[in-house]
Amino acid sequence: MHGPEIVELDEQPAGAREVPVAPVWHARLAGLLAEVSREALQGEDLEAVLRRIVDCLVRNLPVAIASIILLDDDGTHFVQEVWAGDLDLYPAELAHGWPVSVGAAGRCARTGEAQLITDVESDPDYVPGNTKVRSEYLVPIRHRARLHGVLNIESTQPDFFYPEAREVFDAIADQVAGAIHLARVVAELEAANRKLETLSMIDGLTGIANRRCFDQRLAAEWEWQSVEHRELALVLVDADSFKPLNDAHGHLYGDECLRELARLCTRFADGTDDLVARFGGEELVLLLPDRSLEAAVALGEALRRDVEAAAMRHDNSAIAPYVTVSIGVAAVTPTAARSPDRLIAAADRALYAAKAQGRNRVVAAQVD
Ligand SMILES: Nc1nc2c(ncn2[C@@H]2O[C@H](COP(=O)(O)OP(=O)(O)OP(=O)(O)O)[C@@H](O)[C@H]2O)c(=O)[nH]1
């Protein structure tokens, strides 16, 4: 494999190159760097930012092709190329990425060094993209120790990449690295925020929704069902004699029973918008849109029986030698003028009545 042919144009004898090249492009290159810097700070969709940068290079300079080729996380494969210009000969096999063992861009990524090719025809690694291209300059796009990709510029002029121009392209690669870093930091922050948001809605012990999530969903469902004039039911489930259970079997066993109760409740939340949440302590709740009071009572009764059938041992209960639940049910067609607290209050009254009537039963209440 041949290394890059670096020709320092300033050291060549006068007349060996077209003298006006540098002055002609210098002012434009300076302006271009300013434009790229502005683009790089946009922080919006990364691909759009990169596309505007390569467009800008092709539009303003004797550049036939400009591209930013991004590496995967391992730095072993190019995975995406954002390009502008006349790319007529792009090999189909490169369209879906290629290893860094291939091409001049690969050489740039492998060595971590800028590659100046003053005569593309004599470079064994050059992959032709356009027959008019004479020279190519490739710069690593690096932010601190991390190599993000390669900035590739291909010119129709053999001597376009004179030292000052290369300096500008090096600076542009730094700006691109900053843009990529910024976009990745933003993406990572957004993902972390999404994860935090999800975690803040989950009950740590049982893995079901927590009270915060329930409150938000109740408010949303209340509003939605009031618009649709449809019913909303609430099933409040409270483990009976839970303090004596903890006393007899220990808190860890109590925790295990709560997890099992959550699992049993989840089996009944089979509607698309149904929600099972931990309401607090040893109380769980099912929020059931589009369920009538009768349907919610039937569901509560089936759940109560399933809890009995699970036969979770309880040596300290006055009701049965296993864990039982009392259930309060309420349903209403919400209206914007009323508060969802009314629904909770009704289910709570029903639960209180179920306790008062001897526990291990389902009681329904009307919403005021
Ligand atoms: N193991 C465990 N216990 C909990 C948890 N949260 C609340 N508890 C316990 O649940 C018990 C609830 O007690 P009470 O409100 O007196 O109700 P109860 O003993 O179930 O009596 P009734 O509901 O009237 O049948 C308390 O002892 C709490 O410590 C929890 O996450 N894990």
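The structure this text deals with has already been given above.
In short, a report on the structure.

Basis of the calculations
- Residues numbered from 1 in each chain as written.
- Predicted model: local features only at pLDDT ≥ 70, side-chain atom pairs only at ≥ 80, totals over all residues.
- Heavy atoms only, no water.
- Helix = DSSP H or I, 4+ residues; strand = E, 2+ residues; numbered from the N terminus.
- Areas by Shrake-Rupley, 256 points an atom, 1.4 Å probe, with all protein chains shown as cover.
- Phe/Tyr/Trp six-rings, centres within 6.5 Å; stacked < 30°, edge-to-face > 60°.
- Lys NZ or Arg CZ within 6 Å of the ring centre and 35° of its normal.
- Buried < 20%, exposed > 50% of the residue type's maximum accessible area, 1.4 Å probe, protein only.
- Pairing = 2+ DSSP bridges.
- Core = buried A, V, L, I, M, F, W, Y, C linked by side-chain atoms within 4.5 Å.
- Contact = heavy atoms within 4.5 Å.
- Near = heavy atom within 4 Å.
- Polar contact = N/O pair within 3.5 Å; in protein donor to acceptor, adjacent residues only side chain to side chain.
- Axes fitted to C-alpha atoms, helices over the stretch in contact; angles between N-to-C directions.
- Expected span 1.5 Å × (residues − 1).

1. A closer look at the overall build of the protein
Check the secondary structure of the protein and you find nine helices and eleven strands. When the accessible surface of the protein is split by element, carbon and sulfur atoms take 52% of a total near 17700 Å².

2. As for the packing of aromatic side chains
Counted under the stated rule, the structure contains seven aromatic pairs. Relative to Phe279, the ring of Phe214 has its centre 5.6 Å away and its plane inclined at 85°; by these criteria the two rings are edge-to-face. Here Phe279 lies in strand S8 (residues 275–280) and Phe214 lies in helix H5 (residues 211–228), a separation of 65 residues in the sequence. Among the aromatic residues, those joined into a ring-pair cluster are Tyr137, Phe160, Phe161 and Phe169. In this structure, Arg211 packs its charged tip against the face of Phe279, placed 3.9 Å from the ring centre.

3. Quick notes on unusual backbone geometry
One non-glycine residue, Arg144, lies in the positive phi region at around 50°. Mapped onto the secondary structure, Arg144 falls in the loop between strand S5 (135–143) and strand S6 (146–155). Accessibility expressed as a relative area gives 70% for Arg144, which makes it exposed.

4. A short note on the pairing of S5
Among the nine residues of S5, seven are classified as buried, and the element is accordingly described as predominantly covered. Bridging between strand S4 (residues 115–117) and S5 involves three bridges; their strand directions are antiparallel. Note that in S5 the partner of Leu116 across the bridge is Tyr137. Sheet topology places S5 next to S6; nine bridges connect them, and they run antiparallel. Bridge pairing in S6 places Glu136 opposite Glu154. Adjacent in sequence and paired antiparallel, S5 and S6 are bridged by two residues, among which Arg144 carries a positive phi angle near 50°.

5. Some details on the nonpolar core
Core analysis: the biggest nonpolar cluster contains 38 residues, and Leu29, Leu57, Leu61, Ile68, Leu151, Phe169 and Ile172 have the highest contact counts within it. Listing elements by their share of this core, those giving two or more residues are helix H1 (21–40), helix H2 (46–60), strand S1 (63–71), strand S2 (77–85), S5, S6 and helix H4 (163–199). Top contributing element to this core by residue count: H4, with ten residues. Beyond its immediate chain neighbours, meaning those up to four positions away, Leu151 contacts Leu57, Ser67, Ile68, Tyr137, Leu138, Val139, Ile141, Phe169, Ile172 and Ala173. Within the second largest apolar cluster, 31 residues are counted, among which are Ala239, Ala262, Leu293 and Met312.

6. Here's the deal with the site of the ligand
Lining the immediate surroundings of the ligand are 18 residues, of which Ser241, Phe242, Lys243, Asp255 and Arg278 lie closest. His251 has a polar backbone atom sitting 3.1 Å from a nitrogen atom of the ligand. Its free accessible area being 660 Å², the ligand has 67% of it covered by the protein chains. Mapped onto the shell around the ligand, the elements with two or more residues apiece are strand S7 (232–239), helix H6 (242–249) and helix H7 (251–268).

7. Looking at the sheet that holds strand S11 (residues 362–364)
What the five strands build is an open sheet, ordered S8-S9-S7-S10-S11; its pairing is mixed. The two strands at the open ends of the sheet, each matched to only one other strand, are S8 and S11. Neighbouring strand axes in the sheet, compared pairwise and without regard to direction, differ in orientation by 20° on average. Direction of pairing for strand S10 (residues 325–332) relative to S11: parallel, over a ladder of three bridges. By the bridge assignment, Gly328 is partnered in S11 with Val363. Contacting S7, S8, strand S9 (283–289) and S10, H7 runs over the sheet at an angle of about 10° to S9. Docked against the sheet, helix H8 (residues 293–310) engages S7, S9, S10 and S11, running at close to 165° with respect to S10.

8. Here's the deal with H7
Look at H7: 26 Å from first C-alpha to last across 18 residues, which is about the 26 Å you get at 1.5 Å a residue. Taken together, the buried positions of H7 are occupied by Tyr253, Gly254, Cys257, Leu258, Leu261, Ala262, Leu264, Cys265 and Phe268. The elements touched by buried residues of H7 are S7, H6, S8, S9, H8 and S10.

9. Comments concerning the sheet that holds S1
Read across the sheet, six strands follow the order S3-S2-S1-S6-S5-S4 without closing on themselves; strand pairing throughout is antiparallel. Lying at the two open borders of the sheet, with one neighbouring strand each, are strand S3 (98–99) and S4. Sheet topology note: the S1/S6 ladder contains seven bridges and is antiparallel. The residue bridging Val63 from the neighbouring strand is Ser155, located in S6.

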